[in-house]
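Each chain, letter by letter, is given below.
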Amino acid sequence: MTATVPTTPEELASFIDHTLLKPEATDADVVALVEEAARLGCYSVCVSPTFVALARATAAGRIKVATVCGFPSGKHVSSIKAAEAAQSVADGADEVDMVIDVGAAKAADFGAVEADIAAVRAAVPGDRLLKVIIESALLDDDEIVAVCRAAEAAGADYVKTSTGFHPAGGASVHAVSLMAQTVGGRLGVKASGGIRTLQDALGAIEAGATRLGMSGAAAVLAELGGGPAARPSGTY
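If you're wondering where the values come from, they're calculated on a predicted model, not measured in any experiment. (Residues numbered from 1 in each chain as written. Predicted model: local features only at pLDDT ≥ 70, side-chain atom pairs only at ≥ 80, totals over all residues. Heavy atoms only, no water.)

Peer 1: How should I be thinking about the overall build of the protein chain in this particular structure?
Peer 2: Across its full length, the protein chain holds 10 helices and eight strands. In terms of overall dimensions, the protein chain has a C-alpha envelope of 50 × 40 × 30 Å along the principal axes. Per-residue burial for the protein chain yields a buried fraction of 52% across its 236 residues. Within the protein chain, contacts between residues separated by at least 24 positions form 71% of all contacts whose residues are at least 6 apart in sequence. Total accessible area computed for the protein chain in this model is approximately 9300 Å², and 55% of it derives from carbon and sulfur atoms. (Helix = DSSP H or I, 4+ residues; strand = E, 2+ residues; numbered from the N terminus. Buried < 20%, exposed > 50% of the residue type's maximum accessible area, 1.4 Å probe, protein only. Contact = heavy atoms within 4.5 Å. Areas by Shrake-Rupley, 256 points an atom, 1.4 Å probe, with all protein chains shown as cover.)

Peer 1: Looking at this structure, I do not really get helix α8 (residues 173–183). What am I missing?
Peer 2: Count 3.6 residues to each turn of an α-helix, and residues three or four apart come out pointing the same way. Turning to α8, its buried residues number three or more, namely A175, V176, L178, M179, A180, T182 and V183. As for α8, its buried residues are in contact with α7 (141–153), β6 (158–160), β7 (188–192) and α9 (198–207). Among the residues trailing α8, G184 stands out with phi positive, at a value near 55 degrees.

Peer 1: Could you clarify how one ought to interpret the sheet that holds β7 in this entry?
Peer 2: One key point about sheets: their strands pair by backbone hydrogen bonds, in either a parallel or an antiparallel sense. Spatially, the eight strands close up into a barrel ordered β1-β2-β3-β4-β5-β6-β7-β8, and their pairing is parallel. Going from strand to strand, the sheet's axes swing by 25 degrees on average, the running direction of each strand aside. As paired elements, strand β1 (residues 16–20) and strand β2 (residues 44–47) share four bridges and run parallel to each other. Bridge pairing links H18 to V45 in β2. On top of the sheet, α8 reaches β6 and β7; it is set at about 165 degrees to β7, its chief contact. (Pairing = 2+ DSSP bridges. Axes fitted to C-alpha atoms, helices over the stretch in contact; angles between N-to-C directions.)

The values reported here are purely geometric and, on their own, carry no functional implication.
Laid out in structure tokens, this is it:
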């Protein structure tokens, strides 16, 4: 999976999971998110599990619906993550973004990381995408590579940089590039966490991202519609 860097708002919108994961979000917020995402031409919305059914009904087939699992800490028993994912699929989720047990990765227990992902994969049918959030800002290069390999071995469809909720930070050009090199086009790469400008978005895609998670899609797309594309910075 490789992507051509977009040059129009429509092309860039097709990369975007328009995201609302704030705990204080309301039904009205989710409806507004879906309507905005559909108007902008985003690929999907990404919402908390409790909002999947509402988002699906509001989307009415216009856009995909993604959700999260084991979010944001990843410190959930694998069977609970699997049950959460299964419920989200039953509620209509097209995609599930799960969080790994980052502590297991830091302890170099990559077998445990793979088993955790595999448990969720077993609960997410093959016609639904499974993305694996690795919290890349907390990992060194060797750990990023090992976790990406574990995700691929467990049957994931994507690796994803960040929850956007950890104080260590979100996506970086370096992490996205390393993840893309590791999965070699066999999996997608989603950059999320701190992507707030056109420069951030294009930098991630140039580094190898095939999907972007962001909450401020409208402002970023307006930047692209208003003038020449900015060039990438080093971090988001």
